[in-house]
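Here's the letter readout for the chains.
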Amino acid sequence: MTIRQLSDHAINQIAAGEVIERPASVVKELVENALDAGSGRISVATAAGGKTLIRVEDDGSGIPGDELPLAVERHCTSKLSEDDLFDIRSLGFRGEALPSIGAIARLSLTSRHAGDPHGWTVGVEGGVKRGPEPAGRPVGTRVEVRDLFFATPARLKFLKSDRAEGAAVTDVVKRLALANPSVRFELSGSDRQTLTFASASGETALAARIAQVMGTEFVENARPVDAVREGVRLHGLAGLPTFHRANSLAQFFFVNGRPVRDKLLMSALRGAYADVLARDRHPVAVLFIELDPRLVDVNVHPAKADVRFRDAQLVRGLVVGALRQVFAEAGYRSSTHNAQAALAAFATGGAARAQEGQMPGGQMPGEQMPAGRMPAGQGRGFGAPPSDWRASAFRPLGADGASVGVPQPVAGFGEAPQAGFESVDRPSADARAHSGEIEAERLARPLGAARAQLHATYVIAQTEDGLVIVDQHAAHERLVYERLKEALGRKAVARQGLLIPEVVELPEEDIARLVARAGDLEEVGLVIEPFGPGAVAVRETPAMLGQIDIRGLVRDLADDLAEWDETTRVRERLDHVAATMACHGSVRAGRRLRPEEMDALLREMEATPNSGQCNHGRPTWIELKLSDIERLFGRK
């Protein structure tokens, strides 16, 4: 075949295929041009998700009439200084957006510069140019794009529904609005409700814009981030680990004000949340990275969605280190979303029963209760069977504070450090924790004073303005994990030898993995060695775990090792082993705690980093405010 030069029309269509993927791509390019022009107000209008109409209007500096024809020519730009592609300080710089759009759609560009008496307009339709012609308009620019991809009908088949394309446009506008809080954005059209982001100024401008775009709930459940390392600055808001989403759509990254979807940054974010978030959940964050433009290449992707850092490890280390420091400073704090979900469950409980077709007492909706009839189990919960008063949390106490009618433990025999379940006929609540008055100092603590233990699993604490419910196993699991990590950092994990080694039988492939990682396991205090075919002998365990199920621990570790590969870093391996050990060595659900143990657990949670969530990302405690509880009962 003969080599030939492509026509300008074909070249423009090829370039358009790289830059313009969908209507959202057009909106991104046009809004970025408006921002580069110094606009203070930008309005975007769409129809049919942007397929039939996109209109972007701004109050920026405008384009002089004699330069307007150049604006729709390829590789004509005013944004590069001496053709230096390594010192880019604007969002656009290639001069490809307008000619690419004009090659596949009907483009109309109207602009007026402050020095011109009137505006000018040019048009491009399928690559054919017309104008310029005089036009009346105030200072600024209006770009109108109609019938996107009319010149390349095959591309229309790859577009999604109007709703999906409209949602992509909204996402683009939100990302650009987050990066420019001083600019007013307005998104409207026949296919959507009007969305307005008012301009903000001052030190709180960024927080105000984030609240506008992502909601006040995120701002309330996020921590500010501000760190600098070797000339690279990271700032923004990072959501608490207990405030998460089912996908990564609520993760926003900006490099020198440019919205990006960079794999390095997304990986760094996952690494920062690695041991505080469930594997199937995603963090919420708005993070800005500022650095010398010469240290980042923004010209590696046609749509400028990816960037390449000169020192990628420096940026990754900054993101991971800064976020982990923020989580450590947050300490015990947990998301308010957990308490709101609990209150919603209380509030909708009665409605759910009504929807099932049954009302309290067993009558159907609209049926009158017979005179003199009380619902079964009134006062104990609807339909509850009669119960023994001796099993009640509110049973009478004797003069010595002991429960009447309930056998007491023999004096002199304390509870074992890791006790199992007690007899099932014992009450589920421990009334000893709330005997006597509570000191004001304990109530003033962030997690309050322990009052009771319910179902040998949940600790109830009273604060000055509400109550706190703590999952004792999840909380203690995090405490043990943090202690193990601290000891690992000091290389001082204390071990206790077993009088009789524990022999654990496993399949040969699991034994091979355990033996291969014996050095890593020894660093966290677990000493194993081969013990014939299909078995290992455990000779030492971490002392801080106390009495544990060694067989179950070794089997879980073997399963974890099966998911690792040779590229898994040693520190990640050790942290994962420590997390598995912490789960086995923590206070189990079903263990009854003494009042002093409950208070000690609360105090240690307040002093331990990341104690607001367990190793699997579940919340360790929730708080219900007294005002919210009073509203549930109609007292407010």
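Position numbers for residues start from 1 in each chain and track the written sequence from start to end. Only residues with pLDDT of at least 70 are given local features in this predicted model, and only at 80 or more are side-chain atom pairs given and counted; all residues enter the totals for whole chains, interfaces and linings. Where side-chain values are given, they derive from all heavy atoms of the structure, hydrogens and water being excluded.

Focus: the side chain of glutamate 630
Point 1. Examined against the element boundaries, glutamate 630 turns out to sit in helix α19 (residues 626-632).
Point 2. Contacts are residue-level and defined by heavy atoms, with any inter-residue pair within 4.5 Å sufficient. Once residues within four sequence positions are removed from consideration, glutamate 630 is found in contact with Arg635 and Lys636. Secondary structure is summarised from DSSP: a helix means a run of H or I of at least four residues, a strand means a run of E of at least two, and numbering begins at the N terminus for each.

Description of the sheet that holds strand β20 (residues 466-471)
Point 1. Judged by pairing direction, the sheet is antiparallel, and its four strands sit side by side in the order β18-β19-β20-β24 without closing on themselves. The sheet is open, and its two borders are formed by β18 (449-454) and β24 (621-625), each paired with just one other strand. Averaged over all pairs of adjacent strands, the angle between their axes in this sheet comes to 25°, without regard to strand direction.
Point 2. In short, DSSP must find at least two bridges between two strands for them to pair. Relative to β20, strand β19 (residues 458-463) is paired through six bridges, and the arrangement is antiparallel. Paired with threonine 463 across the two strands is glycine 466, which belongs to β20.
Point 3. Where helices are involved, their axes are fitted lines through C-alpha atoms of the stretch in contact, as for all axes, and angles between N-to-C directions lie from 0 to 180°. In the packing of helix α13 (residues 472-489) onto the sheet, the strands contacted are β18, β19 and β20, and the crossing angle to β20 comes to about 70°.

Quick notes on the sheet that holds strand β8 (residues 195-197)
Point 1. The mixed open sheet is built from eight strands, whose spatial order is β5-β4-β3-β6-β2-β1-β7-β8. Where the open sheet ends on each side, the last strands, each with one partner, are β5 (128-135) and β8. Along the sheet, successive strands turn relative to each other by an average axial angle of 10°, direction set aside.
Point 2. Sheet topology note: the strand β1 (residues 41-47)/strand β7 (residues 184-189) ladder contains six bridges and is parallel. Along β7, the bridge assignment pairs valine 44 with leucine 187.
Point 3. Sitting on the sheet, helix α4 (residues 97-104) is in contact with β3 (106-112), β4 (119-125) and β6 (140-146), with an inclination near 140° to β3.

Considerations on the pattern of salt bridges
Point 1. Whenever a carboxyl oxygen of Asp or Glu lies within 4 Å of a side-chain nitrogen of Lys or Arg, that contact is scored as a salt bridge. Tallied over the entire structure, the rule returns 32 salt bridges.
Point 2. Between arginine 22 and glutamate 165 there is a salt bridge, with its nearest N and O atoms 2.9 Å apart. A residue pair is termed long-range when its members are at least 10 positions apart, and arginine 22 in the loop between α1 (8-19) and α2 (23-36) and glutamate 165 in helix α6 (residues 162-179) qualify at 143 residues.
Point 3. Think of it in three bands: residues with accessible area under 20% of the maximum for their type are buried, residues over 50% are exposed, and the middle band is partly exposed, with areas taken using a 1.4 Å probe on protein chains only. Judged by relative accessible area, which is 1%, glutamate 165 ranks as buried.
Point 4. In this structure, arginine 233 and glutamate 290 form a salt bridge, with 3.8 Å as the shortest nitrogen-oxygen distance. Of this pair, arginine 233 sits in strand β10 (residues 232-239) while glutamate 290 sits in strand β15 (residues 285-290), placing them 57 residues apart in sequence.
Point 5. Accessibility expressed as a relative area gives 30% for arginine 233, which makes it partly exposed.
Point 6. Since its relative accessible area comes to 35%, glutamate 290 is described here as partly exposed.
Point 7. One continuous salt-bridge network, built from bridges that share partners, spans Arg442, Arg445, Asp599, Arg603 and Glu606.

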